[in-house]
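Commentary on secondary and tertiary structure
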Amino acid sequence: MSAGTTADVERDGDWLVVSWPREVDMANADSVRAQTLGEMRNTDEGLTVNLSSVSYIDSAGLRSLLTIRRLLADRQQRVMLVIPEGSVLDRAIEIAGIPAVIPVHRSIADAHAHR
């Protein structure tokens with residue numbers, strides 16, 4: 001995987017925060033999803049996927065978000081997204097129906113306030 005295609009991972013107690021790379025598409029979506037899920041511990045309460053730096057996401061990336069949500073729901077772990085106001089992702093996320101199944105917050109602080 002080339003530079004800039006992996007996610008940055010941080011821990012906040014029993015919550016994982018993963019910041020996805022600038023582009024998430026069919027070339028790296030499986031790897032980013034695997035990295036994200038690989039960092040989750042069974043004892044984690046949940047996951048925040050920070051999409052603040054993402055400027056492009058295709059259907060493979062959107063599918064990865066839905067897969068993560070399904071797998072974590074099976075484990076009774078929560079997931080939420082951070083997408084800044086006015087992001088180029090807003091339309092794609094809406095069309096895919098993601099806000100109906102994954103809470104979307106406009107900042108990390110807002111997401112953490114709703115954990």
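In short, a report on the structure. Just so it is clear, the structure is predicted and the values come from calculations on it, not from any experiment.

This part is about the overall build of the chain. Regarding its fold elements, the chain presents four helices and seven strands. Each helix (α) and strand (β) of the chain, taken in turn from the N terminus, gives the series β-β-β-α-β-β-α-β-α-β-α. Radius of gyration (C-alpha) of the chain: 13 Å, near the 13 Å computed for a compact globule of 115 residues. With respect to the three principal axes, the spread of C-alpha positions in the chain is 30 × 30 × 25 Å. The buried share among the 115 residues of the chain stands at 42%. Look at the contacts in the chain between residues 6 or more apart in sequence, and 70% of them connect residues 24 or more apart. As displayed, the chain has an accessible area near 6,100 Å², and 47% of this comes from carbon and sulfur atoms. Treating the 12 positive side-chain charges of the chain as one cloud and the 16 negative ones as another, the clouds have centres 4 Å apart.

Time to look at the environment of Pro-103. Looking at the element boundaries, Pro-103 is found in the loop between α3 (90-95) and β7 (104-105). Using a relative accessible area of 39% as the deciding quantity, one classes Pro-103 as partly exposed. Sequence-distant contacts of Pro-103, that is, excluding residues within four places in its chain, are made with Val-79, Met-80 and Leu-81.

Here we take up the packing of helix α1 (residues 29-39) against helix α2 (residues 59-74). Following both chains from N to C, one finds α1 and α2 inclined at 25 degrees, their axes separated by 9 Å at the closest point. With respect to each other, α1 and α2 are oriented roughly parallel. Classified by chirality, the crossing of α2 by α1 is right-handed. Facing α1, whose interface residues are Ala-29, Asp-30, Arg-33, Thr-36 and Leu-37, α2 presents Ala-60, Gly-61, Ser-64, Thr-67, Ile-68, Leu-71 and Leu-72.

On to the sheet that holds β7. In a beta sheet, neighbouring strands are held together by backbone hydrogen bonds and run either parallel or antiparallel to one another. Taken in spatial order, the five strands make up an open sheet running β1-β2-β4-β6-β7, and their pairing is mixed. Edge positions in the open sheet fall to β1 (8-12) and β7, since each of these has one partner strand only. Relative to strand β4 (residues 46-50), strand β2 (residues 15-19) runs parallel, the two sharing five bridges. Counterpart to Trp-15 in the pairing with β4 is Gly-46. Across the face of the sheet, α2 comes into contact with β4 and β6 (78-82) while running at roughly 155 degrees to β6.

Calculation notes
Residues numbered from 1 in each chain as written. Predicted model: local features only at pLDDT ≥ 70, side-chain atom pairs only at ≥ 80, totals over all residues. Heavy atoms only, no water. Helix = DSSP H or I, 4+ residues; strand = E, 2+ residues; numbered from the N terminus. Rg over C-alpha atoms; globule rule 2.2 N^0.38 Å. Buried < 20%, exposed > 50% of the residue type's maximum accessible area, 1.4 Å probe, protein only. Contact = heavy atoms within 4.5 Å. Areas by Shrake-Rupley, 256 points an atom, 1.4 Å probe, with all protein chains shown as cover. Lys, Arg positive; Asp, Glu negative; His and termini not counted. Charge placed at Lys NZ, Arg CZ, Asp CG, Glu CD. Axes fitted to C-alpha atoms, helices over the stretch in contact; angles between N-to-C directions. Parallel < 35°, antiparallel > 145°, perpendicular 65-115°, else oblique. Left-handed = near helix turned anticlockwise from the far one by under 90°. Pairing = 2+ DSSP bridges.

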